[in-house]
Amino acid sequence: EAQVTQNPRYLITVTGKKLTVTCSQNMNHEYMSWYRQDPGLGLRQIYYSMNVEVTDKGDVPEGYKVSRKEKRNFPLILESPSPNQTSLYFCATQRELGAHEQFFGPGTRLTVL
Amino acid sequence: SQQGEEDPQALSIQEGENATMNCSYKTSINNLQWYRQNSGRGLVHLILIRSNEREKHSGRLRVTLDTSKKSSSLLITASRAADTASYFCATRSGNTPLVFGKGTRLSVIA
C-alpha cells in the first residue's frame, strides 16, 4: 500500500531538547516536503527536497533542519525547539516537483513547553 | 509566500444543499488543485484544473477556473455530513513548489 508515514504522531517536549520527526515514503517519489499548520495561518512550507542530497528552504525554515540521505526518508530536525514551534507538522511527497498530486502523511502534533 | 486565499473562511450548510468555496490567487499559474483535510489529519488531493481549462468535474465536485480574475471555485453538490472538513486550494506556478491557501472550514449539518 502506498503510504507516507510519520513518527512520532504526538510529542510533548521541553524547550531546547533536540528532536527529530521522521518521514518515510514507499512510493519512490523524488520530491518530499515538510509543512507546519497553525490556526489561521494555513499550511506553510518549511523545507523541501527535489531529490537525494538536494534540499531547499521553504517559507518558514528558521529553527529547522532537514536531510535527504536516501530517497525514502526526509527527517525534520529541531536542534533547539522553542514554544513557537508548537504546531501540527505534515510531511508530503510527490513523484517529482512538476507532478500533479501531493500525498500527505498523517501529521505530527508537537507541543514544546 | 501564500498564493491562494479561500473564501469564506467557514461555511455551514444543511445536508443536501450545495456548498461553494472560492479561491483567489495573485500570480499566473500552471494549475490549481483542491485538497480536503479531515480534522487534524493529512490533506487528500481532490481535483486538479490546468490553466487552460475552465471547468472540471469529479463525482459531486465541480471546479471552475477563471484565469482573467485569478480565481477558482469548488462546488460540492448534494452535500453530506461526511463532507464536513477543511478545503484548501493550492497553486503551482512555473517550476516552484505547490503553495497552499488557508482553507475553508465546511460544516454539513445532518
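Provided above is the structure to which this section pertains.
This report concerns the structure included in the present document. Quantities reported herein were computed from a predicted structural model and do not represent experimental measurements. (Residues numbered from 1 in each chain as written. Chains lettered and ligands numbered in written order. Predicted model: local features only at pLDDT ≥ 70, side-chain atom pairs only at ≥ 80, totals over all residues. Heavy atoms only, no water.)

## Let's talk about the state of the cysteines
Residues and elements named next belong to chain A. Evaluated as defined, the whole model comprises 2 disulfides over all chains. There is a disulfide in this structure between cysteine 23 and cysteine 91, and the S-S distance comes to 1.9 Å. Between cysteine 23 and cysteine 91, the S-S torsion sits near -70°, and that sign places the bridge as left-handed. Of this pair, cysteine 23 sits in strand S3 (residues 19-25) while cysteine 91 sits in strand S9 (residues 87-94), and the two are 68 residues apart along the sequence. (Disulfide = S-S within 2.5 Å. Helix = DSSP H or I, 4+ residues; strand = E, 2+ residues; numbered from the N terminus.)

## Description of the pattern of salt bridges
Counted by the stated rule, this structure contains 9 salt bridges over all chains. Among the salt bridges present, the one from aspartate 38 of chain A reaches arginine 44 of chain A, with a minimum N-O distance of 2.9 Å. Under the relative-accessibility criterion, aspartate 38 of chain A is labelled buried at 11%. Salt-bridge contacts for lysine 56 of chain B lead to glutamate 53 of chain B; the nearest nitrogen and oxygen are separated by 3.9 Å. Residue classification places lysine 56 of chain B among the partly exposed positions, given a relative accessible area of 25%. The structure contains a network of salt bridges with shared partners spanning Lys18, Lys65 and Glu79 of chain A. (Salt bridge = Lys/Arg side-chain N within 4 Å of Asp/Glu carboxyl O. Buried < 20%, exposed > 50% of the residue type's maximum accessible area, 1.4 Å probe, protein only.)

## Details of the interface of chain A and chain B
Each partner contributes to the interface: chain A provides 23 residues, whereas chain B provides 22 residues. When chain A packs against chain B, the two sides together hide about 1700 Å² of surface, and 52% of this comes from carbon and sulfur. Here chain A and chain B share 0 salt bridges between them. Put simply, chain A and chain B have 2 residue pairs in polar contact (both at pLDDT 80 or more) between them. Of all the secondary-structure elements, those providing two or more residues to the side of chain A that touches chain B are strand S4 (31-38), strand S5 (42-51) and S9 of chain A. Top element by residues in the side of chain A that touches chain B is S5 of chain A. It accounts for 4 residues. When the residues that make up the side of chain A that touches chain B are grouped by side-chain class, the tally is 11 nonpolar, 9 polar and 3 charged. (Contact = heavy atoms within 4.5 Å. Buried area = accessible area lost by both parts, 1.4 Å probe. Polar contact = N/O pair within 3.5 Å; in protein donor to acceptor, adjacent residues only side chain to side chain. Nonpolar A, V, L, I, M, F, W, Y, C, P; charged D, E, K, R; others polar.)

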